[in-house]
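Breakdown of the fold
Now for the letters of each chain:
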Amino acid sequence: MSSAFVAPSGEQTYAGTTRYRRPARPYERFMAEQDIPVYRGIGVRDLRALELRPWARLGGNGAFIQTDGTDGQWGMFLIEVPGGGVTNQERHLYEEVFFVVDGRGTTEVWLEGGPRVQRFEWGPGSMFAIPPNANHRIVNGSSDPALLLAGTNAPPIMNIFSSESFVFDNPARLVDFADDGDYYRPPEDIVPDPVRGRAMWRTNLVPDVVNVELPLDNERSPGYRRVEPHMATDAFFCFIGQHEPGRYSKAHRHPSGAVLICVKGEGYTYTWPREAGMRPWETGQEHLVKRQEYVAVGMVSAAPGGGDWYHQHFATGPEGLRLLVWDGSGRSYYGWGAPGEELVASRVSVHHGGRSIDYEDEDPHIRREYVRQLERRGVAPRMGLTGPDRGAAPDAPSQTGRPKGA
Ligand SMILES: [Fe+2]
């Protein structure tokens with residue numbers, strides 16, 4: 001670009017150019033400076049297949065993952081801690097959650113100037129949260145390497161403040177650890193979440209996301225099970241969901257943010273822009289549909305396009321499909337609108353003002369392909385259209401005008 005500003009010279013020209021490249025934001029520059037791989041795309045079939053490289057800042061080997069649609073909202077990275085190794089101690093203003101892909105060890109968390117170190121053990125399938133600006137380090141207690149997936153809301157914080165010392169060397173105390181020191185106690189009772197009444201845990205440590213028993217929810221498929229662990233300061237939203245073998249979720253749409261991490265079983269996801277309609281194959285819009293396959297542990301961005309994308313998830317293995325869903329946009333999870341405005345949950349049918357496509361309305365290609373996929377694996381389809389999966393309608397409007405749904 002020339003150094004002198006050129007004003008438009010006639011009615012049909014503009015100042016500047018109409019085609020341009022988006023500049024990297026501060027968080028994206030931070031990722032590039034770490035000199036480890038940055039993986040992009042709508043998903044990853046198998047995290048264990050990704051190449052990692054030595055990461056000086058944290059220690060061990062690492063790689064960033066920035067799935068389509070999550071730019072600027074939240075980010076992920078993989079960290080491999082060698083056998084007997086320890087990550088470099090750090091603290092940062094952003095919240096961080098970890099899921100253990102492989103390995104066993106302990107994590108130490110303490111507040112700057114605070115006497116007490118919170119120490120807890122983890123193993124395969126554990127998930128834990130590091131609250132903002134708490135010092136922490138990850139200790140691999142075994143002789144084998146440990147692989148952990150982390151999610152953070154570093155992108156918005158770095159993009160706003162654009163100062164590494166502000167983010168990584170800040171004296172602010174943003175949480176307190178009670179003297180009894182049990183910040184990392186596994187969840188006990190399931191309680192209704194205060195917004196929608198779905199199953200919730202208040203905890204900062206889930207010992208085994210892969211095998212823990214989940215309560216019935218029925219939202220996306222018959223027999224669907226689900227719980228929301230609310231962790232740390234609740235700035236990073238997550239839930240654990242499970243589809244039964246031989247079943248798949250109804251398609252539904254919402255903006256980008258959620259990433260589904262397959263932690264048990266295997267499957268695939270279709271996702272397509274709302275403009276492609278409810279039956280993209282039948283109407284010749286198939287080229288707009290994206291598909292991601294995954295095994296445990298792989299992932300897919302639920303609505304990668306930034307706008308309102310339909311997405312639909314298919315369990316193909318004999319053990320069904322368990323998903324750990326992360327949406328680091330946290331408090332944006334419940335959607336937009338003025339506080340107190342009544343919203344309708346995405347599970348509600350499009351026939352009733354919601355955003356979910358009933359099984360009987362979906363593109364016939366979807367069921368045909370699903371049955372073929374199951375046949376190849378010798379798994380029986382179980383998609384009888386009875387029960388709570390049929391054309392869900394919203395609940396009656398609440399008296400209080402507060403958000404309500406399922
Ligand atoms: Fe979704």
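The numbering scheme is per chain: residues are counted from 1 as the chain's sequence reads. Whole-chain, interface and lining totals are the exception, using all residues; otherwise, since this is a predicted model, local features are given only for residues with pLDDT of at least 70 and side-chain atom pairs are given and counted only at 80 or more. Only hydrogens and water are set aside when side-chain values are computed; all heavy atoms of the structure are taken into account.

Some thoughts on the domain arrangement of the protein chain
Rules: Delimitation of the domains relies on an automatic or database domain assignment. Any two residues whose heavy atoms approach within 4.5 Å at even a single point are treated as in contact. Buried area is understood as the total, over both parts, of accessible area removed when two parts are fitted together, assessed with a 1.4 Å probe.
As assigned here, the protein chain comprises domain 1 (26-168) and domain 2 (191-383). Relative to domain 2, the C-alpha centre of domain 1 lies at a distance of 25 Å. At the interface, 35 residues of domain 1 touch 39 residues of domain 2. For the domain 1 and domain 2 pair, buried surface summed over both sides reaches about 2,900 Å², with 67% attributable to carbon and sulfur atoms.

Quick look at helix α4 (residues 364-377)
Note: α-helices contain 3.6 residues per turn, so residues at a spacing of three or four share the same orientation. Under the convention used in this document: Helical segments are the DSSP runs of H or I of at least four residues, strand segments are the runs of E of at least two, and each set is numbered from the N terminus. Multiplying one less than the number of residues by 1.5 Å gives the expected span of a helix. Between buried and exposed lies partly exposed: a residue is buried under 20% and exposed over 50% of the maximum accessible area for its type, with that area taken using a 1.4 Å probe on protein chains only. To be clear, the arc concerns the directions from the helix axis to the C-beta atoms. Two N or O atoms form a polar contact when they lie within 3.5 Å of each other; inside protein one atom must be a possible hydrogen donor and the other a possible acceptor, and for residues adjacent in sequence the pair counts only when both atoms belong to side chains.
When the terminal C-alpha atoms of α4 are compared, their 21 Å separation across 14 residues agrees well with the 20 Å that a helix rising 1.5 Å per residue should span. What α4 keeps buried is the set His365, Ile366, Glu369, Tyr370, Gln373 and Leu374. Looking straight down α4, one finds that the buried residues subtend no more than 160° of arc, so they occupy a single side. Of the exposed residues in α4, those oriented more than 90 degrees away from the buried face are Arg368 and Glu375. Buried residues belonging to α4 abut β18 (259-273), β19 (290-295) and β21 (309-315). If you check the start of α4, you find a side-chain oxygen 3.0 Å away from the backbone N of His365, and it comes from Asp363. Positive backbone phi, approximately 70°, marks Gly378, located one or two places after α4.

Let's talk about the coordination of the iron ion
The criterion, for reference: For Na, K and Ca the donor cutoff is 3.2 Å, while for all other metals N, O and S atoms must lie within 2.8 Å; water is not among the atoms, so some sites may look incomplete.
Bound to the iron ion are the protein donor atoms His252 (NE2), His254 (NE2) and His311 (NE2), situated 2.0 to 2.2 Å from the metal. All donors of the iron ion belong to a single chain; written as a sequence motif, their spacing is H-x1-H-x56-H. Separated by 57 residues along the polypeptide, His254 in strand β17 (residues 252-254) and His311 in strand β21 bring together distant segments of the chain. The two residues His254 and His311 agree in class, both being buried.

Things to note about unusual backbone geometry
For the bond from Ala296 to Val297, the omega torsion is 15°, close enough to zero to count as cis. Its place among the elements puts Val297 in the loop between β19 and β20 (298-301). The backbone of Ser162 sits at a positive phi, close to 50°, despite the residue not being glycine. Within the element layout of this structure, Ser162 appears in the loop between α2 (154-161) and α3 (164-168). Notably, Asn218 is not glycine yet its phi reads approximately 70°, a positive angle. Checked against the element boundaries, Asn218 lands in the loop between β14 (205-206) and β15 (225-230). Classification of Asn218 as partly exposed rests on a relative accessible area of 21%.

A look at the pattern of salt bridges
Put simply, the test is: Whenever Lys or Arg places a side-chain nitrogen within 4 Å of a carboxyl oxygen from Asp or Glu, that contact is recorded as a salt bridge.
Enumeration according to the criterion identifies 26 salt bridges in this entry. Note that Glu282 is salt-bridged to Arg279, the shortest N-O span being 3.2 Å. On the basis of relative accessible area, Arg279 is assigned to the partly exposed category, the value being 27%. In this structure, a network of salt bridges that share partners links the residues Arg198, Asp217, Glu219 and Arg220.

Examining the nonpolar core
Filter applied, for reference: Only buried residues count toward a nonpolar core. Its members are Ala, Val, Leu, Ile, Met, Phe, Trp, Tyr and Cys residues joined through side-chain atoms within 4.5 Å.
Phe98, Phe128 and Leu148 are the most contacted members of the largest nonpolar core, which has 35 residues in total. Of all the secondary structure elements, the ones that give two or more residues to this core are α1 (26-33), β5 (75-81), β6 (96-102), β8 (117-122), β9 (127-130), β11 (146-152), α2 and α3. Ignoring sequence-local partners within four residues, the contact set of Leu148 consists of Phe77, Leu78, Ile79, Val81, Phe98, Phe99, Val100, Val101, Trp122, Phe128 and Ile138. Trp74, Leu147, Trp201 and Met299 belong to the second largest nonpolar core, which has 34 residues in total.

Looking at the sheet that holds strand β7 (residues 105-110)
In plain terms, the rule: A strand pair is defined by DSSP finding two or more bridges across the two strands. Helix axes are fitted only over the stretch in contact, all axes being lines through C-alpha atoms; the angle between N-to-C directions runs from 0 to 180 degrees.
With antiparallel pairing, the three strands of this open sheet are ordered in space as β8-β7-β10. Looking at the sheet topology across the chains shown, the edges are occupied by β8 and β10 (135-140). With strand direction ignored, the average angle separating the axes of adjacent strands in the sheet is 15°. Relative to β8, β7 runs antiparallel, the two being bridged by six bridges. Looking at β8, one finds that Thr107 is bridged to Phe120.

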